[in-house]
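Spelled out from the first residue to the last, the chains are:
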Amino acid sequence: MSVPSAQGVTAPQGFRAAGIAAGIKAGGKPDLALVVNDGPQQTAVAVFTRNKVKAAPVLWSQQVMSTGTLKAVVLNSGGANACTGPEGFQTTHATAEKAAEVLGCGAIEVAVCSTGLIGAQLPRETVLAGVEKAAAALEASPEAGLAAATAIMTTDTVAKQAVAAREGWSVGGLTKGAGMIAPSMATMLSVLTTDAAVEQEVLDRALHAAVRVSFDRLDVDGSMSTNDTVVVLASGASGVTPTEQELTAAMTEVAKDLARQMQADAEGVTKRVTVRVTGAASEDDAVVIARTVARDSLVKTALFGSDPNWGRVAAAAGYADADLDPEKLDVTINGVTLCRGGVAAVDRSLADLSGEDVLVEVELGLGSGEAEILTTDLSHAYVEENSAYSS
């Protein structure tokens, strides 16, 4: 198996990218990215936030995705362009038109994504000039992919990329996200690329299957963004048509990798927490209970203090809107079963939480449903960062 030299969106054949400083952010930091599909196919699918308050670029991109094809995606940090009214939508439309002009395509072939402060207008002329600058910097190199991933960072501390290489084809991706993370999709912007030759319907099913067990299972703080977007571009440049199962597996590998990178870089994180629920009456019940435990403030603060407080886990599981029999409830933390059948099993101090990774396992004894949610602890740094940073 050959491994592509690029590690993100430029890893698959047929893609170029760029990341530049357009001047949206103060201080000259990179703030605008462009990802272009050079074909021969330009198949595309996407999923968006389910928040009723949707940013202008989400509303625009939902419209253009109705065609099932895209030439390019423009992404900016430094401003979410959410709750900005008709003027904000016009800025998004103008951004797509400018990209179409410099790339020689139609505006309906350009998706737009934004991230940053909600409620502030983007400097339109600055953005449009940035699109021209980014188009001039487009390359198919690993460095260009990294530059694009860097340009969309907000409170992220590192750029996030991933690739899944297969025999003759691959899937690559970039993402951003560190806070305001909860489904639909966590709070994030992500572009995935593949050089597989696939039909739009197959690509769409593969994306939804991948998102369901990756981005939708990342829940840092229970706060759903106005801007969440995941776009997948397929160039067909490899000439290889994988099976739907193979495509789904590769996309899931990349999406899970990116989700774990966001978890590791979450705002104020000191513990990377996995909440695993087994024995539920259904998978949906397992997701509900795992998510409830993952969001519970008392659970999260106990983990921040390295306190294996299984009672808080049991209480959170008990108020979740799902089937639960307290006499069958087991709670295990980092391999030590602290609660068995709803009562204390051993001294909770036997569970070691001194490391950065914590596994909380909840066994319900009701069926075969199971699920995992990725989350983090709730630290002083999270509170301090979010009291100082506007979103």
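Owing to the predicted nature of the structure, the values given are computational and were not obtained by experimental measurement.

Criteria and cut-off values
- Residues numbered from 1 in each chain as written.
- Predicted model: local features only at pLDDT ≥ 70, side-chain atom pairs only at ≥ 80, totals over all residues.
- Heavy atoms only, no water.
- Helix = DSSP H or I, 4+ residues; strand = E, 2+ residues; numbered from the N terminus.
- Expected span 1.5 Å × (residues − 1).
- Buried < 20%, exposed > 50% of the residue type's maximum accessible area, 1.4 Å probe, protein only.
- Arc of directions from axis to C-beta.
- Contact = heavy atoms within 4.5 Å.
- Salt bridge = Lys/Arg side-chain N within 4 Å of Asp/Glu carboxyl O.
- Pairing = 2+ DSSP bridges.
- Axes fitted to C-alpha atoms, helices over the stretch in contact; angles between N-to-C directions.
- UniProt positions renumbered as here; feature names shortened; annotations may be inferred.
- Polar contact = N/O pair within 3.5 Å; in protein donor to acceptor, adjacent residues only side chain to side chain.

## Comments concerning helix H3 (residues 124-136)
Here's step 1: In a regular helix each residue adds 1.5 Å, so 13 residues correspond to 18 Å; H3 covers 19 Å between its end C-alpha atoms and thus fits that length.
Here's step 2: The complete set of buried residues in H3 reads Val127, Leu128, Gly130, Val131, Ala134 and Ala135. For H3, the arc enclosing every buried residue in end-on projection is 155 degrees, short of the 170-degree limit, so these residues lie on one face. H3 presents Glu125 and Ala136 as exposed residues on the side facing more than 90 degrees away from its buried surface.
Here's step 3: The secondary structure elements touched by the buried residues of H3 are strand E1 (15-20), strand E2 (32-37), strand E4 (72-76) and helix H2 (85-103).

## Describing the pattern of salt bridges
Here's step 1: Across all of its chains, the model carries 18 salt bridges by this definition.
Here's step 2: A salt bridge links Arg205 to Glu244; its shortest N-O distance comes to 2.8 Å. Linking Arg205 in helix H5 (residues 200-212) with Glu244 in helix H6 (residues 244-264), this pair joins segments that are 39 residues apart in sequence.
Here's step 3: The shortest N-O distance in the salt bridge between Asp330 and Arg340 comes to 3.8 Å. Taken as a pair, Asp330 in strand E11 (residues 330-333) and Arg340 in strand E12 (residues 336-340) lie far apart in primary sequence, ten residues in all.

## Considering the sheet that holds strand E7 (residues 169-176)
Strand-to-strand pairing in sheets goes through backbone hydrogen bonds, with the strands running parallel or antiparallel.
Here's step 1: In spatial order, the strands read E3-E9-E8-E7-E6; together these five strands make up an open sheet with mixed pairing. The two strands at the open ends of the sheet, each matched to only one other strand, are strand E3 (43-48) and strand E6 (160-166). Strand after strand, the sheet turns through a mean of 10 degrees between neighbouring axes, direction not considered.
Here's step 2: Looking at chain direction, strand E8 (residues 189-194) and strand E9 (residues 229-234) are connected through six bridges and run parallel.

## So, the sheet that holds strand E13 (residues 343-344)
Here's step 1: Ordered in space as E13-E12-E11-E14-E10-E15, the six strands form an open sheet in which the pairing is mixed. A strand with exactly one partner marks an edge of an open sheet, and here the two such strands are E13 and strand E15 (369-376).
Here's step 2: As judged from the seven bridges shared by strand E10 (residues 272-280) and E15, these two strands associate in the antiparallel manner. In the strand pairing of E15, Ala280 is matched with Gly369.
Here's step 3: In the packing of H6 onto the sheet, the strands contacted are E10 and E15, and the crossing angle to E15 comes to about 40 degrees.
Here's step 4: Across the sheet, helix H9 (residues 310-319) touches E11, E12, E13 and strand E14 (357-363), and the angle it forms with E11 is around 135 degrees.

## As for the UniProt feature "binding site: substrate" (unreviewed entry) in the protein
Here's step 1: Following the UniProt record, one finds the feature "binding site: substrate" (unreviewed entry) at Thr154, Lys176, Thr187, Glu267, Asn386 and Ser391.
Here's step 2: With respect to the helices and strands, Lys176 occurs in strand E7.
Here's step 3: On the basis of relative accessibility, which here comes to 4%, the residue Lys176 falls in the buried class.
Here's step 4: In terms of polar contacts, Lys176 uses its side chain to reach the side chain of Thr154, at 3.1 Å.

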